[in-house]
Amino acid sequence: MMYKRTDLLDDIPKMPDFIVALRPHTVWEKTPVKLFCTVQGNPRPVVKWYKGAAPVNPLNAPGKYKIENKYGVHSLIISRCAVSDTGEYRAVATNAHGTTTSKATVTVKRPAGAGESSHLGLVPHLTEIHASKLEVSLLDRFSVSFGVEGGSISLVCTMVVVPDLPNLPPLAQWYRDDKLLKPGKLVEMSVGGGVARLTLPHLAKDDEGLYTLRIFTKDGTAEHSAYLFVSDAAPSSAGAPGAPMSVKAYDINSDYVLVAWKPPNTVNEAAITGYFVDRCESGSDTWVQCNDAPVKVCKYPVHGLKVGRSYHFRVRAVNSAGISRPSRKSDKVTALDEAESARLQGTDEGVPSAPGMVIATRNTKSSVFVQWDAPKLLKNLMGYYIDGRVVGSKEWFPCNHKPFKHSRFVVHGLIPGESYTFRVQAVNVFGLSEESQESSPIAVEPALATPSAPFGITMLSSDGASITLAWKKPKHHGGSKVNAYYIDKRDADTLAWKEFNLTAVTERMCTVDNLKDGTFYEFKVQAANMAGVGLPSAPSYPMKCEAWTMEEPGPAYDLGFSEVRSHSLVLLWKAPVYVGASSVTGYLVDMAKKGSSEFVTLTEEAVSHRYLQVSGLEEGETYVFRVRSVNAQGVGKPSQLSEPVCARALPGTNEILASVDEETGDVFLSLEACEISETSKFVWSKNYKVIGDCPRVSVTDKGRTSRLTFTNPDKDDLGRYSVVVTDTDGVSASHTLTEDALNTMLELSYAIRHPIVPLKHGLNYEILEKGHVRFWVQAVKLSPSVSYRFIVNDKEVKTGEGVKISHDVATGIIQMTVETFTRANEGTYTVQIHDGKAKTQSSLVLVGDVFKVALREAEFQRKEHIRKQGPHFSEYLYFTVTEDCTVMLACKVANVKKETSFHWYKEDDEIVPETPPNVLSGACALPIPLFSRKDQGVFKAVLSDDRGKDTSAFDISGKVFDDIINALAQNAGASASELVLQCTPEGIRLQCYMNYYTEEMKTVWKHKESKIASSEKMRIGGTAEMAWMQICDPSDKEKGKYTIEISDGVQTHARTFDLSGQAYTDAYEEYLRLKAAAFAEKNRGRVVGGLPDVVTIMEQKSLSLTCTVWGEPTPEVSWFKNEQEVSSSEHTKVTFEGGKFASMVINKVTPDDSGKYSINVRNKYGGEFVEITVSVYRHGEQIPEPKLGQPKTAASTPVPPKSPAPPSKTPTPVPSKSQTPMSMKSPTPASTPASTPVPKSPTPTPKSPTPQSRGAKSPTPPRFMKSPTPPRK
């Protein structure tokens, strides 16, 4: 009996075989031709091309030949064929198991009249090639796909086209639900280069459906179909429905259109209450809502359209949670007078009845086939919505998002091994019907079928009369467990197969006996399950039956994999049946990339166990392995190559979880399988030895999760545990249980089995107002059934007089409040808590100093409570500093009334502020301006009325004083101006203006970063407005950078001035000028005192005007009457004695002696005039009122000489170039020079320059030097 090979045997070692052979071709000269074939074999065959007996080498004729290998299709392309290219072409495929050849003839024709034909006989005329005449074979095909609204997706199918002409791609058509699709903005199509592609750039639920690609070929058509699911995008608001779909216009008129649509599926959302219809003129992006209130059915007549205008429509669904996203807009609709449009059929009102019985059956490992009976009342049915849910879950999920027209549906994307139930709803324009009854639960398994063929038959041993075989299990078990194997055998020289075993073999190893020594045999194996016997394997390679006598061991076998991940895997194998002359001592493992013959030995030394952790793999790379057994005699023959394995984890792969059961405290390992089948089993191993019935562990399986629980875990349980899920695509995992991890889990297990009430905070206390003491403890969690008790000094305390005990389950707090806390409460406090099985206790020791602290605090709070019954300070005295550097003593008061009095005191002396305190405002303050050391002392504020008295004291000394000074310094430093320069007669002064300055501030002056101490040379001082530093008698040594630093205890405020260069030169010159002016002012001639302003005298009396004068050198003195100098005579005697006393005596005055007299005292530095008004009256006359002359002012005319000069004989002062800016007070005022008359004398005194006022500026200094007017002395 012969069996047809199937695609499932692609990886079985076998010789090359042409699946698609070469075909003959007849082509015109100068046209291309493409020869192609498809070949299979394992290892993958190498294909070489020949023309006749000569190999085809593209390098010998560049551009003429092109050899390709795509998707297993080998091709030879001859461009621009010549007649000489006519001949027989061969493709020769070779691998380790043999060689095979495919042949074809190429005939090249020359057009009539162009030359002789290359082949005798008549050849039909070649017509132009049409796309439908191409040979097309589909290769990689698109599968079931899943998209989301608003996204994009491409469906791609690769193919082989012969001939492959760039300008003539195959004719491809795409269909959705049997409706031909056309290219547009929403559908993009392309075909060429061996690829057909359909792209949907803007997915909507309208795009859901069965997509079919139809390619027209020489033999008809090639087709492929797969379903595309499009799920709802995230809703605009939580719980809002999905968007409607399939919006179309019917009954189109000049001003009226009937818009209809399909409702969305509602699974877990609230029911749809209606729909809004929007319209938009073609070419515009502005949408207008057509209906004010939601319409409840899936159709709506839109009125008010304009004839000839084109419109689009869209629909939004509404439920109690919000409004859905808008549907895809409809096709363009033009309002016409007479429409030939389709009419919406159906007049039946109401939704359809519920569909009938729903039946779900197995389909594939990730899909289920669902079918149902149509509803009895169709009522213009649009289609069906199918919902599913996992068994045991309450949440339904939509299986389709667009109504499906037929009563059968394949639900894709399910979890393998999981169980589901399904329900169906019918849909029409009025909405969704009631749900059908749920289907029976069904596990997601492939449909039941016979298993695929075993493969990898290998010889393990032979004794000359029998051969021991092993093979690999089928790749596909057919939906049920493989429970039997049948072996056939034959002599290699015959074709007839003979059954070896009539009774099924359950293991994948068997000894075939009754064989002839020296004969070659071939074997094949069939697997069976409950569906029957599957296809046989490919025949094994010929095996010779002869006794093995080699000393080395035979091959290991049954190589398999576990825990395949992106960069690692575990290789497993079984020990050889034939061990050789001595027992097997270890194994060597070799690895190579698939298709390579270069093996790398992974083990430097032979490993004694039959597994190996392989790491360092490249993700996505495919590898093969072999194992060599070792004994004392040497290394045995290698095993058969393993199946190729790709270093990539299965999607959703989970690792083993090591944990402790929160309820029982059991230590366990568990795995949740990412996929499972109905026949799957969890097989646990320790160090890769299967764990059978073992009292140390127990295994429980539930659904896709298996748990291995340790009975009494200890060090003997340490090791590597692994689990394999059978009948899957290799679901497996491992976990190494270490001593540290086990100890940690044992501690947690003990805590669970011997539970305690976990505490956030142990027993503690706090002092409440009124002096009450609260003892409290807080648990992480309490149940309503919690019980507890407080024990104080070994005696239980219960709620009673003076004691309150309570708890709060929400916060986990248990508390006891003692209202009167006295010395008798010293001792140990304990709280004991019982909550279910858990219990705990916490203690607090209050004895000795700790108790005394608590007692003092309780007594203080008790007194505070009493104090607050009357007027009291809610905030005691504290200080602040205002922007103008006024220190404010402030406090806040509470519980006051109109009659409450408030008084300030310092050192028991009452202070009465200008503004009386207002206690009703809640705050009182006492300003202390110009704060300094004098303000140190104890300040008190007293608050009193008939309810009591409260006092707040504030001691301004020590640290408090320093804090105030620092606060002032902070304000002053922030407001400090830049340093300004001021020259004085004594030297150069640097000044820094600020809001307030006092010498108690931490102020430092520096010169070139060196601190300056106050001295005769460097004087430091200040006023309330500024700080200054004066350089007396400056010299070049004092040049440089000067800095003032004001520290407030936190930061230092610095201001600098560079006294060097031109700034120093200008300042020094100004200092010299002022010094000279001061010297002149000091030594000029002046009247010290003795003269009156007005003299009234009777005639015939004697008048004596005497005064004291001073000057260095001794001044000259002149007397004047009415601006005429007075000379000494008998009537008027003028004297000047000792250079100090000047007098003028008039004997026997007469009325003619009345007038204005003046004295001029002057030396070389200057002088002054002093005026006296003399009035003479006759005897018996009334004494006249004194008449003053012009006001007297001291007219100083200092003359700073450039060099010493001899005293001048005449009082003629020489005016200086620049006058001093200062006005000095004279003992006796004199008239200004402007009002002083020039005496009529041979040498009149010139007028002195007008002295500058106090505010006048000295000559303008440079821009970088400020020179404010110096203050008066």
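Counting of residues starts from 1 at the beginning of each chain's written sequence and follows it residue by residue. Restriction of local features to residues with pLDDT of at least 70 applies here, the model being predicted, together with a cutoff of 80 or more for giving and counting side-chain atom pairs; totals for whole chains, interfaces and linings are based on all residues. In computing side-chain values, all of the structure's heavy atoms are included and hydrogens and water are not.

With that settled, consider the sheet that holds strand S2 (residues 25-28). Strand order in this open sheet of five strands is S2-S9-S8-S4-S5, and the pairing throughout is mixed. The open sheet terminates on both sides in strands that have one partner only, identified here as S2 and strand S5 (54-55). Two elements, strand S8 (residues 87-95) and strand S9 (residues 98-109), share nine bridges in a ladder whose sense is antiparallel. Directly across from Asn95, in S9, lies its bridge partner Gly98. Any two strands are treated as partners once DSSP identifies two or more bridges connecting them. A run of H or I in DSSP becomes a helix once it reaches four residues, and a run of E becomes a strand once it reaches two; helices and strands are each numbered from the N terminus.

Mapping Lys402 onto the fold places it in the loop between strand S30 (397-398) and strand S31 (408-411). The charged side chain of Lys402 is buried without a salt bridge, its nearest counter-charge being Asp177 at 4.1 Å. Nitrogen and oxygen atoms within 3.5 Å of one another constitute a polar contact, given that in protein one can donate a hydrogen and the other can accept it, and given that sequence-neighbouring residues count only through two side-chain atoms. Within polar-contact distance, the side chain of Lys402 engages the backbone oxygen of Asp206 at 2.9 Å. Any pair of residues with heavy atoms lying within 4.5 Å of one another is described as a contacting pair. Not counting residues within four places of it along the chain, the set of residues in contact with Lys402 comprises Arg176, Asp177, Lys205, Asp206, Glu208, Met245, Ser246, Tyr384 and Tyr385. Throughout, exposure labels follow a simple rule: accessible area from a 1.4 Å probe, protein chains only, divided by the maximum for the residue type, with under 20% read as buried, over 50% as exposed, and the rest as partly exposed. Positive residues here are Lys and Arg, negative ones are Asp and Glu, while His and the chain termini are left out of the count. By definition, a salt bridge exists where a carboxyl oxygen of Asp or Glu is found within 4 Å of a side-chain nitrogen of Lys or Arg.

In this section: the environment of Val847. On the secondary structure map, Val847 appears in the loop between strand S66 (838-846) and helix H2 (848-867). The sequence separation of Val847 and Glu826 amounts to 21 residues, and the corresponding C-alpha distance is 5.6 Å. Aside from chain neighbours lying at most four places away, what touches Val847 is Glu826 and Gly827.

This part is about the nonpolar core. Here the nonpolar core consists of buried residues drawn from Ala, Val, Leu, Ile, Met, Phe, Trp, Tyr and Cys, with membership extended through side-chain atoms lying within 4.5 Å. Of all hydrophobic cores here, the largest spans 51 residues; its most connected members are Phe902, Phe931, Ile956 and Leu968. Ranked by residues supplied to this core, first place goes to helix H3 (residues 958-975) with six residues. Setting aside residues no more than four positions away along its own chain, Ile956 makes contact with Leu889, Ile928, Phe931, Asp935, Gln936, Gly937, Phe939, Phe961 and Ile964. By size, the runner-up hydrophobic cluster in this structure holds 27 residues, among which are Phe775, Met816, Phe821 and Tyr829.

What follows concerns helix H4 (residues 1062-1083). To estimate how far a helix should reach, multiply one less than its number of residues by 1.5 Å. Here H4 contains 22 residues, and its C-alpha end-to-end distance of 32 Å stays within 8% of the 32 Å for a straight helix at 1.5 Å per residue. Turning to H4, its buried residues are Ala1063, Tyr1064, Asp1066, Ala1067, Glu1070, Tyr1071, Arg1073, Leu1074, Ala1077, Ala1080, Glu1081 and Asn1083. Against strand S74 (980-983), strand S75 (987-993), strand S81 (1052-1059), strand S82 (1086-1089), strand S84 (1103-1110) and strand S89 (1155-1163) lie the buried residues of H4.

Another aspect to go through is the pairing of strand S48 (residues 622-631). The two faces of a sheet get side chains in turn, since along a regular strand they alternate between them. Taking burial as the measure, the ten residues of S48 include nine buried ones, the bulk of the element. Note: S48 against strand S50 (residues 645-646), two bridges, orientation antiparallel. Of the residues in S50, the one forming a bridge with Tyr623 is Val645. Remark: two residues form the turn of the hairpin made by S48 and strand S49 (residues 634-638), two consecutive strands paired antiparallel.

Attention shifts here to the packing of aromatic side chains. Only centres within 6.5 Å qualify two rings of Phe, Tyr or Trp (six-membered ring in Trp) as a pair; their planes then separate them into stacked at under 30 degrees, edge-to-face at over 60, and tilted for everything else. Throughout the structure, instances matching the rule amount to 30 aromatic pairs. For the pair Trp261 and Tyr275, a centre-to-centre distance of 5.4 Å together with 65 degrees between the ring planes defines the contact as edge-to-face. Linking Trp261 in strand S20 (residues 256-262) with Tyr275 in strand S21 (residues 272-281), this pair joins segments that are 14 residues apart in sequence. For Tyr275, a relative accessible area of 3% translates into the label buried. Note on Phe404 and Phe409: the rings are 4.9 Å apart at their centroids and 70 degrees apart in plane angle, and the pair reads as edge-to-face. In terms of burial, Phe404 and Phe409 fall into one category: buried. Among the aromatic residues, those joined into a ring-pair cluster are Phe146, Tyr227, Phe229, Phe404 and Phe409. The ring of Tyr50 is capped by Arg90, whose NZ or CZ atom sits 4.9 Å from the centre of that ring. The criterion is that NZ of a Lys, or CZ of an Arg, lies within 6 Å of the ring centre and within 35 degrees of the ring normal, and then a charge sits over that ring. Arg989 extends its terminal NZ or CZ atom over the ring of Trp1028, reaching a point 4.1 Å from the ring centre.

Moving on, we get to the pairing of strand S73 (residues 948-956). Direction of pairing for strand S72 (residues 937-945) relative to S73: antiparallel, over a ladder of nine bridges. If you follow Ala941 over to S73, its bridge partner there is Ser952. Count of turn residues in the S72/S73 antiparallel hairpin: two residues.

Bringing H2 into the picture now. Look at H2: 29 Å from first C-alpha to last across 20 residues, which is about the 28 Å you get at 1.5 Å a residue. Those residues of H2 lying buried are Phe851, Ala854, Leu855, Ala858, Glu864 and Arg867. Contact partners of the buried residues in H2: strand S59 (759-767), strand S60 (773-779), S66, strand S67 (872-881) and S73.

Per-residue confidence from the predictor is reported as pLDDT, a score between 0 and 100. Residues with a pLDDT of 70 or more make up 89% of the protein chain, whose mean pLDDT is 85. Low pLDDT, under 50, characterises residues 1-10; the predicted model gives this stretch 13 contacts beyond four residues in sequence or across chains. Per-residue pLDDT stays below 50 along residues 115-128; that stretch engages in 15 contacts with residues further than four places along the chain or on separate chains.

Let us look at the environment of Ser1015. Mapping Ser1015 onto the fold places it in the loop between strand S77 (1010-1011) and strand S78 (1018-1022). Sequence separation between Ser1015 and Ile1031 is 16 residues, and the spatial gap between their C-alpha atoms is 9.6 Å.

As a further point, take the pattern of salt bridges. By the definition in use, this model includes 49 salt bridges. Across the salt bridge formed by Arg328 and Asp207, the nearest N and O atoms sit 2.7 Å from each other. One end of the pair, Arg328, is in the loop between strand S25 (322-323) and strand S26 (333-334); the other, Asp207, is in the loop between strand S16 (195-200) and strand S17 (209-217), with 121 residues separating them in the sequence. Owing to a relative accessible area of 1%, Asp207 belongs among the buried residues under this scheme. A salt bridge links Arg1019 to Glu1016; the nearest nitrogen and oxygen atoms lie 3.7 Å apart. Residues joined by salt bridges that share partners form a network here, namely Arg176, Asp207 and Arg328.

Here the focus is the sheet that holds S20. With antiparallel pairing, the three strands of this open sheet are ordered in space as S19-S20-S23. Every interior strand has two partners, whereas the edge strands, strand S19 (245-250) and strand S23 (299-303), have only one. Recorded for the sheet is a direction-independent mean angle of 25 degrees between the axes of neighbouring strands. Both S19 and S20 contribute to a ladder of four bridges, which runs antiparallel. Across the sheet, the residue bridging to Met245 is Lys262, located in S20. To get an axis, a line is fitted to the C-alpha atoms, and for a helix only the part in contact is used. The angle between two axes follows their N-to-C directions and goes from 0 to 180 degrees.

Note the cis peptide between Asn42 and Pro43, where omega equals 5 degrees. Position of Pro43 relative to the elements: it lies in the loop between strand S3 (33-42) and strand S4 (46-51). The amide bond that connects Glu1112 to the next residue, Pro1113, takes the cis arrangement and shows omega of 5 degrees. Tracing the backbone through its elements, the reader meets Pro1113 in the loop between S84 and strand S85 (1116-1121). Phi is positive for Asn1122, which is not a glycine, with a value near 50 degrees.

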